[in-house]
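# Descriptive analysis of the structure
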Amino acid sequence: MSREFQRDAHAGRPRILFVGLGESSHTHSWIDLLEGARFNARLFAMPTGLPPDSWPVRTYVTAYTGSRLDPATRQWFYPRGRGLRLARRVLLRAARGRSESELQSRWLAAVVGEWRPQVIHTLGLDAAKFYLAARERHGLASVGRWVLQTRGGSDLALTHLNPELWDETARVLRACDQLLSDNQQNLRIAREMGVREEQFARTGTLPGTGGIDVDHLSARWRGRTSERDLVLVPKAYECPWSKVLPVLEALKLAWARLGEAARRFRVSLLAATPETRMWYWALPEEVRAACTVEERLPRQSALEMMTRARVMLAPSMVDGVPNSMYEAMAAGAFPVVSPLETITPVVGEERNVLFARNLYPEEMAAALSRALTDDALVDAAAETNLALVRRVADRRQIRERVVDFYEQLAGQSSS
């Protein structure tokens with residue numbers, strides 16, 4: 001580890017270790033809340049990936065990587081100067097039969113034991129399970145205060161229904177010092193699993209990205225919402241929590257319903273997977289002509305597209321309070337989302353959004369057709385939604401709450 005990496009930028013100030021997905025823009029956005037707050041923040045990245053080189057937060061990298069890492073901001077645990085396969089073999093041989101997950105657990109334990117953060121913040125349930133295993137195996141319970149942040153609806157909405165996962169999930173939730181979430185459903189489930197009231201963070205529910213820069217997005221609106229011609233589909237992929245194939249079917253139905261009027265509109269399918277591309281070619285020619293299919297874009301590029309969108313179409317089967325919905329509100333785009341338990345307490349039908357269930361193409365087609373033809377609806381909602389997102393998801397206000405939250409926790413830590 002380089003001396004620059006080891007040296008805390010703010011001597012004497014709280015040390016916060018995050019554990020989570022290094023490749024996730026949500027991870028970066030949340031940790032970036034602390035910029036300027038004079039915390040010493042580091043990320044222990046799960047072995048699934050690593051952050052972009054341009055992200056300056058000091059990161060422990062556990063994924064294999066062929067790229068050169070800046071020793072001032074990255075620490076890689078594998079032997080240097082060797083090919084990746086050879087590095088892995090050398091490391092496992094030296095570990096005398098231990099699995100890679102056990103090695104990664106040892107690395108995390110070493111970081112916690114040596115750096116002794118006052119706060120350990122796990123981003124998501126998988127990261128929480130990983131940390132708890134290391135904490136128990138290596139006796140780290142006395143080091144720092146543990147914050148567990150659940151991710152949207154995906155961490156708990158189905159997990160708590162599965163008897164095979166219930167005990168493990170409940171044990172992890174009960175073990176943390178503070179629990180954060182972006183929605184009330186997760187808090188309800190956590191109570192049912194035995195989480196105590198004093199474990200719920202006093203911050204209240206907070207967006208998983210740390211909120212939206214409302215002023216930045218609203219300043220980039222391009223005309224009235226009704227004057228725009230773009231339909232933005234940010235989830236053009238298949239996953240357990242949302243399905244894109246019914247969305248493609250809904251586009252077919254809506255284009256048939258709109259007829260000649262559909263020629264005015266364009267559709268951008270974002271984060272498309274190979275499966276999406278395959279079925280894109282099965283769309284009618286007039287629908288394909290309106291569509292562009294994009295792979296993953298930088299977050300800022302997607303946000304810029306949101307400021308040009310008339311409709312943001314993001315149905316899902318499981319979700320928290322979608323960050324994409326808040327982003328659409330700040331950007332003046334009209335959201336079409338699903339009537340989930342996490343979403344309906346926040347927004348109202350027609351006042352803020354139109355609802356459509358993810359597995360029902362007819363519902364999505366009806367909502368999309370309405371949003372593309374009812375100018376009064378989308379223009380009125382744009383103003384209402386801007387006020388709403390300022391009230392519940394403005395990044396500047398959330399930053400103040402989060403900084404105060406960490407200051408208090410660090411003060412309670414014995415490390």
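Description of the structure in this document. (Residues numbered from 1 in each chain as written. Predicted model: local features only at pLDDT ≥ 70, side-chain atom pairs only at ≥ 80, totals over all residues. Heavy atoms only, no water.)

## Comments concerning the environment of Trp55
Note the threshold: Where helices and strands are cited, they refer to DSSP runs of H or I of at least four residues and of E of at least two residues respectively, numbered from the N terminus. Under the scheme applied here, a residue whose accessible area is under 20% of the maximum for its type counts as buried, over 50% as exposed, and between as partly exposed, the area being computed with a 1.4 Å probe on protein chains only. Should any heavy atoms of two residues lie within 4.5 Å, those residues are counted as being in contact. Two N or O atoms count as a polar contact when they lie within 3.5 Å, although within protein this holds only if one can serve as hydrogen donor and the other as acceptor, and sequence-adjacent residues are included solely when both atoms are side-chain atoms.
Topologically, Trp55 is positioned in the loop between β2 (40–45) and β3 (58–61). Look at Trp55 and you get buried, because its relative accessible area is 6%. With residues near it in sequence (within four places) discarded, Trp55 still touches His28, Ile31, Asp32, Leu43 and Arg74. A distance of 3.0 Å separates polar atoms of two side chains, one belonging to Trp55 and the other to Asp32.

## Notes on the pairing of β3
Formally: Strands were regarded as paired on the criterion that DSSP finds at least two bridges between them.
Residues Arg58 and Tyr60 point to one face of β3 and Thr59 and Val61 to the other, with burial holding for every one of them. Note that β3 and strand β4 (residues 74–76) share three bridges and pair parallel. Looking across to β4, one finds that Thr59 is bridged to Arg74.

## Points about the sheet that holds strand β9 (residues 266–269)
Where we set the bar: Between N-to-C directions, angles cover 0 to 180 degrees, with each direction set by a line fitted to C-alpha atoms, over the stretch in contact for helices.
The sheet built from six strands is open, its strands ordered β10-β9-β8-β11-β12-β13 with parallel pairing. Each end of this open sheet is capped by a strand with a single partner; those strands are β10 (291–293) and β13 (354–355). When strand β11 (residues 309–313) meets strand β12 (residues 334–337), the two strands line up parallel, connected through three bridges. Residue pairing across strands places Leu313 opposite Val336, the latter belonging to β12. This element, helix α14 (residues 361–373), spans β8 (230–233), β11, β12 and β13 of the sheet and lies at about 165 degrees to β11.

## What to know about the sheet that holds strand β1 (residues 15–20)
Reading across the sheet, the seven strands line up as β4-β3-β2-β1-β5-β6-β7 and stay open at both edges, with parallel pairing between neighbours. Two strands bound the open sheet, and with one partner strand each, they are β4 and β7 (178–180). Between one strand axis and the next, the sheet turns by 20 degrees as a mean value, whatever way the strands run.

## Things to note about the nonpolar core
What counts, and what does not: Take the buried Ala, Val, Leu, Ile, Met, Phe, Trp, Tyr and Cys residues and link them wherever side-chain atoms come within 4.5 Å; each set so joined is a nonpolar core.
Counting 42 residues, the largest nonpolar core has Leu17, Val19, Phe44 and Leu108 as the members making the most contacts within it. Of all the elements in the fold, those that place two or more residues in this core are β1, β3, α4 (100–115), α5 (125–138), β6 (145–149), α6 (163–175) and α7 (184–192). Excluding anything up to four places from it in sequence, Leu108 contacts Leu17, Val19, Phe44, Phe130, Tyr131 and Ala134.

## Structural notes on the layout of surface pockets
Here is the rule we go by: Grid points spaced at 1 Å over the protein atoms alone were grouped into cavities, where a 1.4 Å probe fits but cannot get out, and pockets, open sets with protein on both sides within 12 Å along at least five of seven lines, with lining residues defined by an atom within 4 Å of a point. Grid points are joined across faces, edges and corners, and a volume is the space filled by probe spheres set on the points.
Approximately 430 Å³ is the volume attributed to the second largest pocket. If you go around the second largest pocket, you meet 21 residues; those closest to its centre are His10, Phe39, Ala41, Pro56 and Val57. In terms of residue count, the dominant contributor to the lining of the second largest pocket is β2 (three residues).

## Some remarks on the pattern of salt bridges
Stated formally: Think of a salt bridge as a Lys or Arg side-chain nitrogen and an Asp or Glu carboxyl oxygen that are within 4 Å of each other.
Following the criterion strictly, the structure yields 27 salt bridges and no others. Two residues, Glu238 and Lys243, come together in a salt bridge whose shortest N-O distance is 3.8 Å. The exposure class of Glu238 is partly exposed, given its relative accessible area of 24%. Of the residues examined, Lys243 reaches a relative accessible area of 26% and is grouped as partly exposed. A salt bridge links Arg357 to Glu363, with the shortest nitrogen-to-oxygen separation between them at 2.4 Å. Here Glu363 falls in the partly exposed class, since its relative accessible area comes to 26%. One continuous salt-bridge network, built from bridges that share partners, spans Asp215, Arg390, Asp394 and Arg396.

## Some thoughts on the packing of α5 against α6
The condition is simple: Each angle receives one of four descriptions, namely roughly parallel if under 35 degrees, roughly antiparallel if over 145, roughly perpendicular if within 65 to 115, and oblique otherwise. The residue classification treats Ala, Val, Leu, Ile, Met, Phe, Trp, Tyr, Cys and Pro as nonpolar and Asp, Glu, Lys and Arg as charged. All others, Gly included, are polar.
In the contact formed by α5 and α6, the axes pass within 10 Å of each other and the chain directions differ by 75 degrees. Compared by their axis directions, α5 and α6 come out roughly perpendicular. Contacts from Leu125, Ala128, Lys129, Leu132, Arg135 and Glu136 in α5 reach Glu168, Thr169, Arg171, Val172 and Ala175 in α6. A breakdown of the residues in the contact of α5 with α6 according to their chemical character gives five nonpolar, one polar and five charged.

## As for the pairing of β8
Basically, it comes down to this: Whether a crossover is right-handed comes down to one check: with the strands pointing away from the viewer, does the path from the first strand over the helix to the second run clockwise; if it does, it is right-handed.
With burial as the criterion, each face of β8 is covered, one bearing Leu230 and Leu232 and the other bearing Val231 and Val233. In the sheet, β8 pairs with β9 via four bridges, with the strands oriented parallel. Across the sheet, residue Val233 finds its bridge partner in β9, namely Leu269. Where the polypeptide runs from β8 across helix α9 (residues 245–258) and back to β9, its parallel neighbour, the crossover connection is right-handed. As judged from the three bridges shared by β8 and β11, these two strands associate in the parallel manner. Directly across from Leu232, in β11, lies its bridge partner Met312.

## Regarding unusual backbone geometry
One non-glycine residue, Arg38, lies in the positive phi region at around 65 degrees. Considering the arrangement of structural elements, one finds Arg38 in the loop between α2 (25–31) and β2. When its relative accessible area of 44% is taken as the criterion, Arg38 is described as partly exposed. Even without glycine at this site, Ala271 takes up a positive phi of about 60 degrees. By secondary structure assignment, the location of Ala271 is in the loop between β9 and α10 (274–280).

Keep in mind these numbers describe shape, not what the thing actually does.
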